[in-house]
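# Commentary on secondary and tertiary structure
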Amino acid sequence: MKHLLLSSVLLLLLLPDAVRGQKSCDALKRGDNSYNCCNTTVNPEEEGRVNGNLSAECKELWQASNLACRCLREKTYRFLQSASFSGGEKIAGLKALLVNISRAILHDVVFSFSPSEGPKRINSTDKGNTSKIQLPRELFQSMRNRTAQVVVMVLNIKQLFIFKETSWTQHILDNTVVGITVRDTRVAGLRDPVRLTFTHGQLPHSMSPQCVFWDPSKGQGGDWDTSGCVTQHRDKRTVCSCDHLTFFTLLLSPTLDRSTAQTLMVIANVGCGVAVAFSVFSIVFYIFLRCTYKKFKSDETIQINMALHMNLISSLFLLNLTFLFNNWISITRQPELCKGLGGFTHYCLLCCFTWMALEGCHLYLLFVKVLGTYIRHYLVKLCIVGWGFPALVVIVAGSIGSYGKYNLQNVDDQPIMSLCFIKYEHVMVHYITNCGYFGLIFLFNTVIFGVVAWKNYHLQSTRAVKENRKAWKVGLMAVGLFCLLGATWALAFLTYGNAFVPLRYLFAILNSLQGLFIFIWLVVLYSPKKEETTGSSSHIIRNDKTTTVSQD
């Protein structure tokens with residue numbers, strides 16, 4: 001998709017008077033917005049020279065809601081892109097070099113650059129270890145004019161705020177952006193690409209360099225893009241080969257290397273196998289209670305609690321079993337089977353999340369909302385929501401072709417592993433239906449858990465006669481309940497970035513063993529032998545009779 005849009009992106013990027021590049025200034029003309037930014041008045045009608053030092057002194061430029069700042073940022077960008085300033089002009093955070101190149105040149109033009117020294121022209125035979133820019137002679141031989149004015153710029157994004165800084169999981173190498181322009185000429189579609197060599201130290205295996213360029217038409221005010229650039233990572237340098245001229249940089253992003261991904265997969269497979277086994281044990285334990293535990297048959301609250309837990313355990317069983325099959329089917333050449341398995345995997349995952357939410361809702365009705373509540377066909381309604389709502393989501397996602405093989409790749413586009421799940425082209429479906437959905441559920445369940453824990457502590461502290469409880473059992477009850485509400489899944493939000501690789505292992509271990517944790521929790525909580533000493537958390541689940549539900 002990015003390659004299909006390459007021509008239009010380059011046109012918008014490289015033409016100084018591109019219409020899209022002035023969208024904020026045009027909006028500023030039409031509206032009644034403030035014209036002030038960086039303690040100066042922005043005139044959207046005025047073109048030409050701008051005060052470059054404004055962008056070096058004002059972090060306010062990246063306030064996307066301020067049209068004046070967005071207009072000023074676009075005007076500054078077009079000013080730099082047009083290279084209409086002299087080489088001796090002083091702009092904080094910018095080092096520039098203006099060179100005249102003859103059309104009759106017979107060899108490539110090479111520049112060296114560094115964050116501290118700025119650009120300078122060197123011989124093409126120079127074998128130094130500095131960062132370099134190599135412009136192909138084809139670029140100049142195709143010019144109409146006899147002489148081309150080439151401007152090479154080295155910018156520091158910490159001093160020149162027209163470029164957006166990356167997220168906290170990514171960073172720009174040495175905070176350096178390199179700009180290359182030819183005055184009065186748009187350069188794109190080069191057969192012999194421009195080569196930029198960024199030198200750096202040995203990068204960690206979990207950090208991947210990627211060549212990017214600035215696209216002012218992307219998002220609100222521009223963003224980094226990779227179209228038209230190829231990244232070649234070597235030992236202590238990275239070569240960027242791009243078919244156009246603009247502003248480039250090297251973006252360092254955290255990624256999984258092959259060995260880490262394979263280790264995590266082994267851990268996940270073992271954990272899923274254990275989870276499947278203990279999910280079966282939990283179901284057997286449930287059947288055992290129904291057949292032998294007299295109080296189970298007479299206490300409707302326990303019946304509903306256990307039925308709710310069994311639905312969650314059943315969804316975990318299906319999810320873990322599907323994941324084990326996924327590893328085998330994803331490597332086969334059966335796209336329709338992979339598509340179906342991807343949809344079913346997504347369905348099982350959503351069922352787990354939904355039943356975790358229903359556990360939280362039930363806990364709220366059972367312990368927080370102490371007023372009498374009668375819900376007819378309670379379990380039936382829970383099952384309709386727990387198993388039916390995810391089916392609707394999957395049907396909608398499947399109708400737009402969201403499912404298929406998802407390939408996890410490194411920066412060189414080499415596959416590390418593959419799964420039958422939501423395709424990369426529909427990654428927004430994953431962010432909305434998985435990350436967003438679970439995020440809301442986890443916030444709700446965390447609040448419920450906190451309220452229940454506080455009420456239970458207050459209740460126990462005011463009792464005339466306190467129960468003789470063991471501290472470890474009370475702690476186990478609390479941990480098991482929090483696990484039941486999805487605490488292990490929340491670790492997924494902490495696994496981004498190179499510094500959090502250990503958390504990826506922790507997530508793979510704890511999350512795949514959720515079935516084991518729930519089994520232990522159920523046995524300790526509902527074991528008929530010592531039901532009188534099941535601890536304060538068992539009081540939360542079993543001793544509150546105020547809320548009334550009905551299975552009839």
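Residues numbered from 1 in each chain as written. Predicted model: local features only at pLDDT ≥ 70, side-chain atom pairs only at ≥ 80, totals over all residues. Heavy atoms only, no water.

Here we take up the overall build of the protein. Check the secondary structure of the protein and you find 15 helices and 17 strands. Counting the 552 residues in the protein, one finds 50% classified as buried. Entry remark: accessible area of the protein is about 26,900 Å², with carbon and sulfur atoms responsible for 59%. (Helix = DSSP H or I, 4+ residues; strand = E, 2+ residues; numbered from the N terminus. Buried < 20%, exposed > 50% of the residue type's maximum accessible area, 1.4 Å probe, protein only. Areas by Shrake-Rupley, 256 points an atom, 1.4 Å probe, with all protein chains shown as cover.)

Moving on, we get to the UniProt feature "transmembrane region" (unreviewed entry) in the protein. If you check UniProt for "transmembrane region" (unreviewed entry), the listed places come out as residues 264-289, 310-329, 344-367, 379-400, 431-454, 474-497 and 503-526 in our numbering. Within residues 264-289, the helical portion is 100% and the strand portion 0%, while the C-alpha atoms at the span's ends are 36 Å from each other. (UniProt positions renumbered as here; feature names shortened; annotations may be inferred.)

A few words now on the packing of aromatic side chains. What the rule picks out here adds up to twelve aromatic pairs. Within the aromatic cluster, the residues linked to one another by ring pairs are Phe353, Phe438, Phe442, Trp489 and Phe507. (Phe/Tyr/Trp six-rings, centres within 6.5 Å; stacked < 30°, edge-to-face > 60°.)

Before going further, it helps to examine the state of the cysteines. Taken as a whole and judged by the stated rule, the model has three disulfides. Linked covalently through their sulfurs, Cys338 and Cys420 form a disulfide whose S-S length is 2.1 Å. Its torsion about the S-S bond being -115°, the disulfide of Cys338 and Cys420 is classed as left-handed. Of this pair, Cys338 sits in helix H9 (residues 335-368) while Cys420 sits in strand E17 (residues 415-422), placing them 82 residues apart in sequence. Cys420 matches Cys338 in its accessibility class, with the two residues each being buried. Left unpaired, Cys351 is separated from the closest cysteine sulfur, that of Cys348, by 6.3 Å. Taking the relative accessible area as the measure of exposure, Cys351 reaches 0% and is therefore buried. (Disulfide = S-S within 2.5 Å.)

Both strand E13 (residues 229-233) and strand E14 (residues 237-242) contribute to a ladder of five bridges, which runs antiparallel. From the neighbouring strand, Gln232 faces E14, where its bridge partner is Val239. Remark: three residues form the turn of the hairpin made by E13 and E14, two consecutive strands paired antiparallel. (Pairing = 2+ DSSP bridges.)

So, on to the nonpolar core. Grouped together as the largest cluster of nonpolar side chains are 57 residues, with contacts concentrated most on Met306, Phe353, Leu522 and Tyr526. Secondary-structure elements contributing two or more residues to this core are helix H6 (258-292), helix H8 (300-329), H9, helix H10 (378-399), E17, helix H11 (427-461), helix H12 (471-484) and helix H14 (514-526). At 14 residues, the largest contribution of residues to this core is made by H9. Grouped together as the second largest cluster of nonpolar side chains are 35 residues, Leu139, Val182, Leu196 and Leu252 included. (Core = buried A, V, L, I, M, F, W, Y, C linked by side-chain atoms within 4.5 Å.)

The subject of this paragraph is the environment of Cys435. Following the sequence through the fold, Cys435 ends up in helix H11. On the accessibility criterion, Cys435 (22% relative accessible area) is partly exposed. Taking C-alpha positions, Cys435 is 8.9 Å from Ala492, a pair spaced 57 residues apart along the chain.

What follows is about the layout of surface pockets. Taken as a whole, the second largest pocket spans an internal volume of roughly 350 Å³. Along the walls of the second largest pocket sit 17 residues, with Ser142, Met143, Arg144, Thr185 and Arg186 positioned nearest its centre. Elements with a contribution of two residues or more to the lining of the second largest pocket: helix H5 (137-141) and strand E7 (147-156). Tallying contributions element by element places E7 first for the lining of the second largest pocket, with three residues. Among the residues making up the lining of the second largest pocket, the classes are represented as seven nonpolar, five polar and five charged. (1 Å grid on protein atoms, 1.4 Å probe; cavity = no way out; pocket = protein on both sides within 12 Å on 5 of 7 lines; lining within 4 Å. Points joined across faces, edges and corners; volume = space filled by probe spheres on them. Nonpolar A, V, L, I, M, F, W, Y, C, P; charged D, E, K, R; others polar.)

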